[in-house]
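Close look at the chain arrangement
One letter stands for each residue in the lines below.
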Amino acid sequence: MQTNGSAYSTRVRNLIYVASPPRTGLTQHLCEAGWNAYIADDLGQVTEICHGRELSVGLVEISDPETGAQLLPQLVDISGSDLNWIALIAPQHLQHAEIRRAIARFCYDFSTLPVPFERLAVTLGRAHGMTELRQKMSEIDRDASAQFGIVGISDAIKAVRRSIITFAVPDAPVLIIGETGTGKELTASAIHALSRRGTGPLVTVNCGALPASLIQSELFGYEKGAFTGAERRVIGKLEAANTGTIFLDEIGDLPSEQQVNLLRVLQEHRVQRVGGYAEIDLDLRVIAATNANLERAVKEGRFREDLYYRLNVLCLTLPPLRERIEDIEILARHAFQTHLHERTHKVKDFGQNAWKAMRSHAWPGNVRELINRVRRAVITCERPLIGANDLGLGDLARAGNGGSLNDARSRAEHELLTRILRQTGGNVSEAARRMDVTRATLYRLIRKYDINLDTDLEASSPVETGIQIRRPLNGQQVLPFDARQLHKVR
Ligand SMILES: Nc1ncnc2c1ncn2[C@@H]1O[C@H](COP(=O)(O)OP(=O)(O)OP(=O)(O)O)[C@@H](O)[C@H]1O
């Protein structure tokens, strides 16, 4: 039921009034004071009313302290945390500790019955004002916290955004260090876009995804007839990045022979196509990224020291998501909004246990994993609130702290799995052989870590034959995610 009071007010203020039965006098007052009051007497009606409406205040009458204490968290779960609840309660019921606790935890305010409407009107007005203020603040926060498409409010991510601005000005090489999915490519794109080369190309090469035999021609290009099958001249990635930026992802995986060649290009600013004689002048900036410990690779002789120092002029480290838990909510909300148009049901927010699970999860796949989990939940969740199960984190809603031995094992397992899958270009049979597990186990791990072979191994090259997963693994829809928020050429 709805009572409409918009004739008395220039601005519409929507309120939900939960009572069984509703007080006729009160609904009339609400109407006269300019409230659109939606009246509900059970949770089903609350769900229906809350869906798709901009409500600012909830008014709930507690007729029994015990059921009331259970009702309040359910109301907040249905309405989402943006709505301010005000409890109306008889004074004697306030003797029950349970209901006092629930009101303190889940309500914006309360009034004891009978309540003069003038007083209640003030409380309602304040609650409405607070909701509006919060919405405005979150809009402002959202804008400020998403500069260059890099969302986050933690000190660490703020420092990253400051570094991006600083590093965009000079033309010096940048080395970005961070685990998989922490936003290395996004950061490189932002530096490029802000730099004087921003109108030039940004070319990405995933050094870990290319077999050694192909890297040379991929980077340097080749002339017609340079080798069997070279039927025409092909421009390499370095040449394609001329006047712009080349982003060398997974630089630690570059084979040593190519490390020498790259070093020469960086020193001489010139490139020679395979099978060609001409030296082509290059004017480009290099941004490299690694999720491996390059210093250790240098010490162990796997990575050239001179190349390391040439690349590591400006260095930026991206912290893993588990070390900046304060970013989880804003990132999840950002992913939720981004993919809301894909929802198939009435999903409108995250439930309490989803937040709990997200805070407990170790996020071995970092922001990429979070985006993919939220996206999948938005599409598949059939209820108004996304739960931990919809995110595939059901177990964590009950336990987990991110720092346990199991979490560490999971991280190591995930890292190895992604690396091998990249190296094999997504070839499951080959990856299973290298990891010494059966294909069934590999499929299980891929599902466990929510790895999407179409997008998570984006730059992988399908050079090796064998079974390539291009279809859903568990009967669910494949959810590709477009990482390219800023322009680039692959
Ligand atoms: N702070 C952030 N805000 C918004 N989106 C982010 C953020 N960090 C990462 N992402 C998104 O997460 C996904 C993974 O990011 P990106 O590809 O830049 O990570 P990466 O560190 O380069 O990963 P990998 O090492 O696996 O290549 C992308 O979709 C990117 O847009």
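Up top you'll find the structure we're talking about.
The shown structure was predicted, so the numbers you read here are calculated from the model rather than taken from an experiment.

Things to note about the environment of Ile246
Tracing the chain through its elements places Ile246 in strand 11 (residues 245–249). Here Ile246 falls in the buried class, since its relative accessible area comes to 0%. Once you skip the residues sitting within four places of it in the chain, Ile246 turns out to touch Val203, Val205, Lys237, Leu238, Ala241, Leu284, Arg285, Val286 and Ile287.

Concerning the nonpolar core
In terms of nonpolar packing, the biggest core is built from 31 residues, with Leu238, Leu248, Ile251 and Phe303 touching the most fellow members. Within the residue set of this core, elements represented by two or more residues are strand 8 (202–206), helix 8 (212–220), strand 11, helix 10 (256–268), strand 14 (285–290), helix 11 (294–299) and helix 12 (305–311). Per-element accounting of this core gives the leading share, four residues, to helix 10. Other than its neighbours up to four places away in sequence, Ile251 contacts Leu175, Cys207, Leu262, Ala288, Ala289, Thr290, Leu294, Phe303 and Leu311. One finds Val151, Ile328, Trp355 and Met358 within the second-largest nonpolar core, a separate group that totals 27 residues.

Some details on the packing of aromatic side chains
Per the stated rule, a full pass over the model turns up four aromatic pairs. Seen from their ring centres, Phe350 and Trp355 are 4.7 Å apart, and the 50 degrees between their planes marks the pair as tilted. With respect to class, Phe350 is no different from Trp355; both count as buried. Members of the aromatic cluster, each reached through a chain of ring pairs, are Phe336, Phe350 and Trp355. The lysine or arginine in question, Arg13, covers the ring of Trp35, its NZ or CZ lying 4.3 Å from the ring centre.

Observations concerning the sheet that holds strand 7 (residues 174–178)
Within the open sheet, the five strands sit side by side as 8-11-14-7-15. Their pairing is parallel. Two strands bound the open sheet, and with one partner strand each, they are strand 8 and strand 15 (314–318). If you compare each strand with its neighbour and ignore which way they point, the axes differ by 20 degrees on average. Bridging between strand 8 and strand 11 involves five bridges; their strand directions are parallel. Bridge pairing links Asn206 to Asp249 in strand 11.

Criteria and thresholds
- Residues numbered from 1 in each chain as written.
- Predicted model: local features only at pLDDT ≥ 70, side-chain atom pairs only at ≥ 80, totals over all residues.
- Heavy atoms only, no water.
- Helix = DSSP H or I, 4+ residues; strand = E, 2+ residues; numbered from the N terminus.
- Buried < 20%, exposed > 50% of the residue type's maximum accessible area, 1.4 Å probe, protein only.
- Contact = heavy atoms within 4.5 Å.
- Core = buried A, V, L, I, M, F, W, Y, C linked by side-chain atoms within 4.5 Å.
- Phe/Tyr/Trp six-rings, centres within 6.5 Å; stacked < 30°, edge-to-face > 60°.
- Lys NZ or Arg CZ within 6 Å of the ring centre and 35° of its normal.
- Pairing = 2+ DSSP bridges.
- Axes fitted to C-alpha atoms, helices over the stretch in contact; angles between N-to-C directions.

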